[in-house]
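# Coordinate analysis (summary)
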Amino acid sequence: RALASGQLALTGQGVSGQLAGKLEVGPSEFQVTKGLFGGGVPKLKVTELHRPATKPAPEQISPPGQKKSSPPPPVTITLALDVDINQLFVRGQGLESDWRGHLTIGGTAHAPSVDGKIEAVHGSYDLIGKHFSLIDSQIIFDGGTMLIPTLDMTAEASANDITAQIKVTGSATKPELEFTSVPVLPGDEVLSRLLFGKSLGQLSVAQQLQLARAASSLAGESQFDPIGTARGALGVDMLDVGASD
């Protein structure tokens, strides 16, 4: 959901023109759902049975000896748009975040290109009760026509004498996930030490199940979102729950 305002001008003649102007995107929301970076919408092969044959409309039948008229040439609209994103909330799958940025849209209406970046002002990621804060996170568009941004996101949390970071980098369609920590630990030990203060081999069965749920949440398979439910009920833009010392 997005709300944009501004002025646009469409100029040109014949089959070519230009759409130019500046837009400001106000309070908007992007909801992260399962399969955002991987699955997408599956393509189904459809075979229709017993479909009646269709006949061309009378105006499509050319009289004998008359050539069919050529289709009109396509209309080409070039784009020259500046977009200021003043407030974009990205939510879902444990993520609550607020973003700002600037994008330049060029190319054509048929094949637009986007250049610029969107940066996180503040945000958090909740992983089975552990609170990660977003730091130095941005989404970058490189001006190509694929419209697939590059991710450079970091979420950080500290507990049990360890500071852990979850780094998400690479293409939005094929992101790479990496765990780092101070002190340095193997990737499969980071979450275990952060959440339970124990190595992976010392976890109880219940703790192993919790760790498995955390892994499922990182993979986008968890739909449980109590903070999002409470925020919607209260009608607020951002809601954060933490513990005091």
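Residues numbered from 1 in each chain as written. Predicted model: local features only at pLDDT ≥ 70, side-chain atom pairs only at ≥ 80, totals over all residues. Heavy atoms only, no water.

## Here's the deal with the overall build of the protein chain
Helix and strand counts for the protein chain stand at three helices and 10 strands. Start at the N end of the protein chain and walk to the C end: the helices and strands fall as β-β-β-β-β-β-β-β-β-β-α-α-α. Put simply, 47% of the contacts in the protein chain that link residues at least 6 apart link residues at least 24 apart. Carbon and sulfur atoms make up 57% of the accessible area of the protein chain, which totals about 16200 Å². (Helix = DSSP H or I, 4+ residues; strand = E, 2+ residues; numbered from the N terminus. Contact = heavy atoms within 4.5 Å. Areas by Shrake-Rupley, 256 points an atom, 1.4 Å probe, with all protein chains shown as cover.)

## As for the nonpolar core
Counting residues in each nonpolar core, the largest one holds 35 residues, and the members touching the most others are Ile85, Trp99, Leu103, Leu127, Phe132, Leu191 and Leu194. Mapped onto this core, the elements with two or more residues apiece are strand 4 (76-92), strand 5 (95-107), strand 6 (112-127), strand 7 (130-142), strand 8 (150-159), strand 9 (162-171), helix 1 (187-196) and helix 2 (205-218). Excluding its chain neighbours within four sequence positions, the residues that come into contact with Leu103 are Leu81, Asp82, Val83, Ile85, Val114, Asp115, Gly116, Lys117, Ile118 and Phe141. (Core = buried A, V, L, I, M, F, W, Y, C linked by side-chain atoms within 4.5 Å. Buried < 20%, exposed > 50% of the residue type's maximum accessible area, 1.4 Å probe, protein only.)

## A look at the confidence of the model for the protein chain
Residues with a pLDDT of 70 or more make up 72% of the protein chain, whose mean pLDDT is 79. Of all the helices and strands in the protein chain, helix 3 (residues 226-234) carries the lowest mean pLDDT, 52, while strand 2 (residues 16-25) carries the highest, 95. Low pLDDT, under 50, characterises residues 241-245; the stretch is placed with two contacts to residues that sit more than four places away or in other chains. (pLDDT = per-residue confidence, 0-100.)

## Considerations on the pattern of salt bridges
In the structure shown here, the tally under the stated rule is seven salt bridges. Note that Lys22 is salt-bridged to Asp84, the shortest N-O span being 3.4 Å. On the criterion of sequence distance, the pair formed by Lys22 in strand 2 and Asp84 in strand 4 is long-range, its members being 62 residues apart. On the accessibility criterion, Lys22 (45% relative accessible area) is partly exposed. One salt-bridge network, in which partners are shared between bridges, spans Arg1, Glu29, Arg91 and Glu96. (Salt bridge = Lys/Arg side-chain N within 4 Å of Asp/Glu carboxyl O.)

## A look at the environment of Asp98
Here Asp98 shows up in strand 5. Sequence spacing of Asp98 and Leu88 is 10 residues, and the spatial spacing of their C-alpha atoms is 5.7 Å. Within the structure, the side chain of Asp98 is placed 2.5 Å from the side chain of Arg100, a separation counted as a polar contact. (Polar contact = N/O pair within 3.5 Å; in protein donor to acceptor, adjacent residues only side chain to side chain.)

## Examining unusual backbone geometry
Omega for the bond connecting Val182 with Pro183 falls within 30 degrees of zero, at 0 degrees, which places this linkage in the cis form. With respect to the helices and strands, the residue Pro183 is situated in the loop between strand 10 (176-182) and helix 1. Residue Leu147 is not a glycine yet carries a positive backbone phi of 60 degrees. Locating Leu147 in the fold gives a position in the loop between strand 7 and strand 8. Judged by relative accessible area, which is 42%, Leu147 ranks as partly exposed.

## Brief notes about the pairing of strand 1 (residues 4-13)
Side-chain positions along a regular strand alternate between the two faces of the sheet. Where burial is concerned, little of strand 1 is hidden: zero out of the 10 residues are buried. Taking the residues between adjacent antiparallel strands as the criterion, strand 1 and strand 2 are bridged by two residues, where Gly14 takes a positive phi near 65 degrees. (Pairing = 2+ DSSP bridges.)

## Let's talk about the environment of His122
Tracing the chain through its elements places His122 in strand 6. Accessibility expressed as a relative area gives 37% for His122, which makes it partly exposed. Residues His122 and Ser133, 11 residues apart in the sequence, show an inter-C-alpha distance of 7.8 Å.

## Re helix 1
Of all the 10 residues making up helix 1, seven are buried; the element is thus mostly covered by neighbouring parts of the structure. Of all the residues in helix 1, the buried ones are Glu189, Val190, Leu191, Ser192, Leu194, Leu195 and Phe196. Remark: Gly197 follows helix 1 within two positions and exhibits a positive phi of approximately 70 degrees.

## Side note on the side chain of Glu96
Position of Glu96 relative to the elements: it lies in strand 5. Overall, Glu96 belongs to the buried group, its relative accessible area being 5%. A polar contact of 3.4 Å, which involves the side chain of Glu96, links it to the side chain of Arg91.

## Observations regarding the pairing of strand 8
Of the strand pairs in this sheet, strand 7 and strand 8 are connected by six bridges, and their pairing is antiparallel. Note that in strand 8 the partner of Ile140 across the bridge is Thr150. For strand 8 and strand 9, the ladder comprises 10 bridges, and the chain directions are antiparallel. Residue Asp152 lies in a different strand from strand 9, and its bridge partner there is Thr169. Linkage of strand 8 to strand 9, two consecutive antiparallel strands, is achieved through a turn of two residues, within which Asn160 is found at a positive phi near 55 degrees.

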